[in-house]
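So the chains spell out like this:
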Amino acid sequence: RESLKLTGQPTYLRNVRLREQTDDAVDSICRNIAEGFAADTHGQFAWNLRISRRSLNEIQDAVLSAQQKRILSPADLVPVRTLMKRLRPALNRFIDYLERSPKQRNRPPLRIRREFVRRIDSQPPKQEPSDSRNANGRQED
């Protein structure tokens, strides 16, 4: 929300390329964290968090550029910089945790899931008992 407040300011709106790059980087952070939660292993999750951390670097560069071009004042950047200072260590700690914990996620390995799907696909569909009632709700012979 704070990044949208910044990129929604009239001076930022006029610099379309910078605004789009900033918005894409913010979206990338969120998407990669969400994708990491669907990862099969902690290592894959950590990889997604590293991409989020790189996108955070892009935002940091974009807001610095906006400040240098006098698109935004230093005061405009205080809320976003505060959040970035919190997010970077949080991502680092989460990555460290995932790297120290060699466990698989709470999902069975891919080969087991595939076997389960094959078994389900090979079973004939269950037949529902037919109930031949007519439009009035009476049983037909």
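Here the structure is a predicted model, which is why all the values come from computation and not from measurement.

Chemist: So what's going on with the overall build of the protein chain? Which residues, and what values?
Modeler: When you go through the protein chain residue by residue, the secondary structure sums to six helices and zero strands. Across the protein chain, helices and strands are ordered from the amino to the carboxyl terminus as α-α-α-α-α-α. Across the protein chain, the fraction of contacts at a sequence separation of at least 24, relative to all contacts at a separation of at least 6, is 66%. Surface exposure of the protein chain reaches about 10,500 Å², of which carbon and sulfur atoms provide 51%.

Chemist: Talk me through the nonpolar core; I want residue IDs and the actual numbers.
Modeler: Counting 16 residues, the largest nonpolar core has Tyr12, Ile59, Val63 and Leu72 as the members making the most contacts within it. For this core, the elements supplying multiple residues, two or more each, are helix H3 (16-37), helix H4 (42-68) and helix H5 (74-100). Looking at this core element by element, the count peaks at five residues for H4. With near-sequence residues (within four places) excluded, Ile59 lies in contact with Thr22, Ala25, Val26, Ile29 and Met84. Within the second largest apolar cluster, seven residues are counted, among which are Phe45, Leu49, Ile95 and Leu98.

Chemist: Could you give me a rundown of the confidence of the model for the protein chain, with the residues and numbers involved?
Modeler: Detailed reading of the predicted coordinates is not advisable wherever pLDDT falls low. Taken residue by residue, the protein chain gives an average pLDDT of 80. The fraction at 70 or more is 72%. Confidence, expressed as mean pLDDT per element, reaches its minimum in the protein chain at helix H6 (residues 110-122) with 54 and its maximum at H4 with 92.

Chemist: Requested: an account of H4, with residues and values cited.
Modeler: Compared with an ideal rise of 1.5 Å per residue, which puts 27 residues at 39 Å, H4 spans 39 Å between its outermost C-alpha atoms and is within 8% of the ideal. Backbone geometry just after H4 places Arg70 at a positive phi near 60°.

Chemist: Summarise unusual backbone geometry; cite the residues concerned and give the values.
Modeler: The phi dihedral of Arg70 is positive, around 60°, even though this residue is not glycine. Relative to the helices and strands, Arg70 is located in the loop between H4 and H5. Judged by relative accessible area, Arg70 falls into the exposed class, the value being 75%.

Chemist: Please give an account of the packing of H3 against H4 that cites residues and values.
Modeler: Packing of H3 against H4 leaves a shortest axis separation of 8 Å and a crossing angle of 160°. With respect to H4, the element H3 is oriented roughly antiparallel. In terms of crossing hand, the pair formed by H3 and H4 is left-handed. On H4, the residues that touch Leu18, Thr22, Ala25, Val26, Ser28, Ile29, Asn32, Ile33, Glu35, Gly36 and Phe37 of H3 are Phe45, Asn48, Leu49, Ile51, Ser52, Ser55, Leu56, Glu58, Ile59, Ala62, Ser65 and Ala66. Partitioned by chemical class, the residues of the contact of H3 with H4 number 13 nonpolar, eight polar and two charged.

The rules behind the values
- Along each chain, the written sequence defines residue order, and numbers are assigned to residues from 1.
- A pLDDT threshold of at least 70 governs which residues receive local features in this predicted model, and a stricter bar of 80 or more applies before side-chain atom pairs are shown or counted, although totals over entire chains, interfaces and linings include all residues.
- Each side-chain value is derived from all of the structure's non-hydrogen atoms; neither hydrogens nor water enter the calculation.
- Segments assigned H or I by DSSP are reported as helices when at least four residues long, segments assigned E as strands when at least two residues long, and all are numbered from the N terminus.
- In what follows, residue pairs with any heavy atoms lying within 4.5 Å of each other are defined as contacts.
- We get accessible surface area from the Shrake-Rupley algorithm with a probe of 1.4 Å; when it comes to residues, only the shown protein chains can shield them.
- Residues belong to one nonpolar core when they are buried, are Ala, Val, Leu, Ile, Met, Phe, Trp, Tyr or Cys, and are joined through side-chain atoms within 4.5 Å.
- Any residue under 20% of the maximum accessible area for its type is buried, any over 50% is exposed, and the rest in between are partly exposed; the area is computed with a 1.4 Å probe on protein chains only.
- Confidence scores labelled pLDDT are given residue by residue by the predictor and lie between 0 and 100.
- Here the expected length of a helix is defined as 1.5 Å per residue gap, with one fewer gap than residues.
- Axes, fitted as lines to C-alpha atoms, cover a helix only where it is in contact. Angles between the N-to-C directions of the axes lie from 0 to 180 degrees.
- Any angle that is under 35 degrees is reported as roughly parallel, and any over 145 degrees as roughly antiparallel; angles of 65 to 115 degrees are reported as roughly perpendicular and all others as oblique.
- Note on convention: the crossing is left-handed when the near helix lies turned anticlockwise from the far helix by less than a right angle, right-handed when the turn is clockwise.
- In this count, Pro and Cys sit with the nonpolar residues alongside Ala, Val, Leu, Ile, Met, Phe, Trp and Tyr, while Asp, Glu, Lys and Arg are called charged and the others, Gly among them, polar.

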